[in-house]
Amino acid sequence: MEKDSFMQWFSREIPQTLFPQIAAQVLFRCENCGECCRGEGYALVDEADVQEIARTLGIRPNQARDRFTDPDPGKNRGCRILKSIGPERSCCLLDQQAKMCKIYNHRPRICRTFPMINADTETEEIISFYSDCLGTAKFVKMLQEKRIDPQVQKEIESLTKQTERLQALQIMLFMWLRRMMGEIEEAEQICRITGVSLPPEESSFQKDCLAYFLMTMTTDGLDEYQYEG
Ligand code: SF4
Ligand code: SF4
């Protein structure tokens, strides 16, 4: 019964557009160019993010709040933004020399979902391919090669026919996202309720993610993509 209720909730509440986004994020590799950590935008953080920054740096939450955040100009409820510094408006947590986040493994959740998971429901684009992100450029190149690979075509064909495998894969993607957001207990609970677990071998999960992504998304616009970083 617990499983039935979960599955009802899962199909009612989780938008189908989220799954290819998660699959893309699984396949995406950040090249640590630091480009997304500076410039006009800013990273929105909530209280849980501030607590995590404080824990990581061994300081009190109010110190982390004062030192690293500013009020959110967009006035999102319970949110603040990370401070930007210098002429390039770099995030205050960016190590300028290494071009890496100082708290990469504990970075705010909005940074963990960049660039493939797009929470903005206003936009019509399911995936945004950022032209100044080196990781995205490599991701696009990989897709261009793999979409014509006969082995990948076979995987897509086989996945399309297997409804149960497809549903299990969507649950795995959701669990992967929960784990990536640091919600380990929730991911384990989903595993216990559904009996679905993430494959021990990352490569087989990645193979399924690629097939799922290419099966659900059109890649027609890929050839127009240009890296401008
Ligand atoms: S917290 Fe880290 S990953 Fe996020 S914007 Fe700042 S430097 Fe970049
Ligand atoms: S712009 Fe892309 S590759 Fe560069 S640090 Fe950000 S996510 Fe990584």
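Small disclaimer: the values here were computed from a predicted structure and weren't measured.

## So, the site of ligand 2
Looking at ligand 2, the residues that line it are F28, C30, E31, N32, C33, G34, E35, C36, F114, C133 and G135. Per-class residue counts for the shell around ligand 2 are six nonpolar, three polar and two charged. Both domains that meet at the shell around ligand 2, namely domain 1 (1-28 + 126-229) and domain 2 (32-114), each give it at least three residues.

## A short note on the domain arrangement of the protein
By the assigned domains, the protein splits into domain 1 (1-28 + 126-229) and domain 2 (32-114). For domain 1 versus domain 2, the distance between C-alpha centres works out to 27 Å. On the domain 2 side, the residues contacting the 10 residues of domain 1 number six residues. When the area that domain 1 buries against domain 2 is broken down by residue, the three leading residues are Q25, M180 and M181, summing to 52%. One can count zero salt bridges joining domain 1 with domain 2.

## So, unusual backbone geometry
P115 follows F114 through a cis peptide bond whose omega is 5°. Within the secondary structure layout, P115 lies in the loop between α5 (109-112) and α6 (134-146). Of note in the backbone geometry, N32 takes a positive phi value of approximately 50° without being a glycine. Tracing the sequence through the fold places N32 in the loop between α2 (18-27) and β1 (44-46). Within the chain, R89 stands out as a residue other than glycine whose phi angle is a positive 50°. Following the sequence through the fold, R89 ends up in the loop between β4 (84-85) and β5 (90-91). R89 sits in the partly exposed class, given a relative accessible area of 32%.

## Considerations on the site of ligand 1
In the vicinity of ligand 1, the residues found are C37, L82, C91, L93, L94, C101, P108 and C111. Residue composition of the shell around ligand 1, by class: eight nonpolar, no polar and no charged.

## Details of helix α1 (residues 2-13)
Here α1 spans 16 Å end to end across 12 residues, near enough to the 16 Å set by a 1.5 Å rise per residue. When we look at burial in α1, the residues that qualify are F6, M7 and F10. Taken around the axis of α1, the buried residues stretch over an arc of 100°, which confines them to a single face. Facing away from the buried side of α1 by over 90 degrees, the exposed positions are Q8 and R12.

## Here's the deal with the packing of helix α7 (residues 150-161) against helix α10 (residues 202-216)
Where α7 contacts α10, the axes come no closer than 9 Å and their chain directions differ by 80°. Looking at the two axes, α7 sits roughly perpendicular to α10. Together, V152, E155, I156, L159 and T160 of α7 and K207, D208, L210, A211, Y212, L214 and M215 of α10 make up the contact between the two elements. Residue classes in the contact of α7 with α10 are distributed as eight nonpolar, one polar and three charged.

## A word on the nonpolar core
In this structure, F10, I22, F139, L173, F205, Y212 and F213 are the most contacted members of the largest nonpolar core, which totals 48 residues. Elements represented by at least two residues in this core include exactly α1, α2, α6, α7, α8 (163-180), α9 (184-194) and α10. In terms of residues, this core owes the most to one element, α8, which gives 11 residues. Not counting residues up to four positions away in its chain, the partners in contact with F205 are V26, L169, M172, L173, W176, L198 and P199.

## Brief notes about the environment of C209
Among the secondary structure elements, C209 is positioned in helix α10. Separated by 182 residues in sequence, C209 and L27 place their C-alpha atoms 7.3 Å apart. Leaving out residues up to four positions away in the same chain, C209 has contacts with A23, V26, L27 and L173.

What counts, and at which threshold
Residues numbered from 1 in each chain as written. Chains lettered and ligands numbered in written order. Predicted model: local features only at pLDDT ≥ 70, side-chain atom pairs only at ≥ 80, totals over all residues. Heavy atoms only, no water. Near = heavy atom within 4 Å. Nonpolar A, V, L, I, M, F, W, Y, C, P; charged D, E, K, R; others polar. Domains from an automatic or database assignment. Contact = heavy atoms within 4.5 Å. Buried area = accessible area lost by both parts, 1.4 Å probe. Salt bridge = Lys/Arg side-chain N within 4 Å of Asp/Glu carboxyl O. Helix = DSSP H or I, 4+ residues; strand = E, 2+ residues; numbered from the N terminus. Buried < 20%, exposed > 50% of the residue type's maximum accessible area, 1.4 Å probe, protein only. Expected span 1.5 Å × (residues − 1). Arc of directions from axis to C-beta. Axes fitted to C-alpha atoms, helices over the stretch in contact; angles between N-to-C directions. Parallel < 35°, antiparallel > 145°, perpendicular 65-115°, else oblique. Core = buried A, V, L, I, M, F, W, Y, C linked by side-chain atoms within 4.5 Å.

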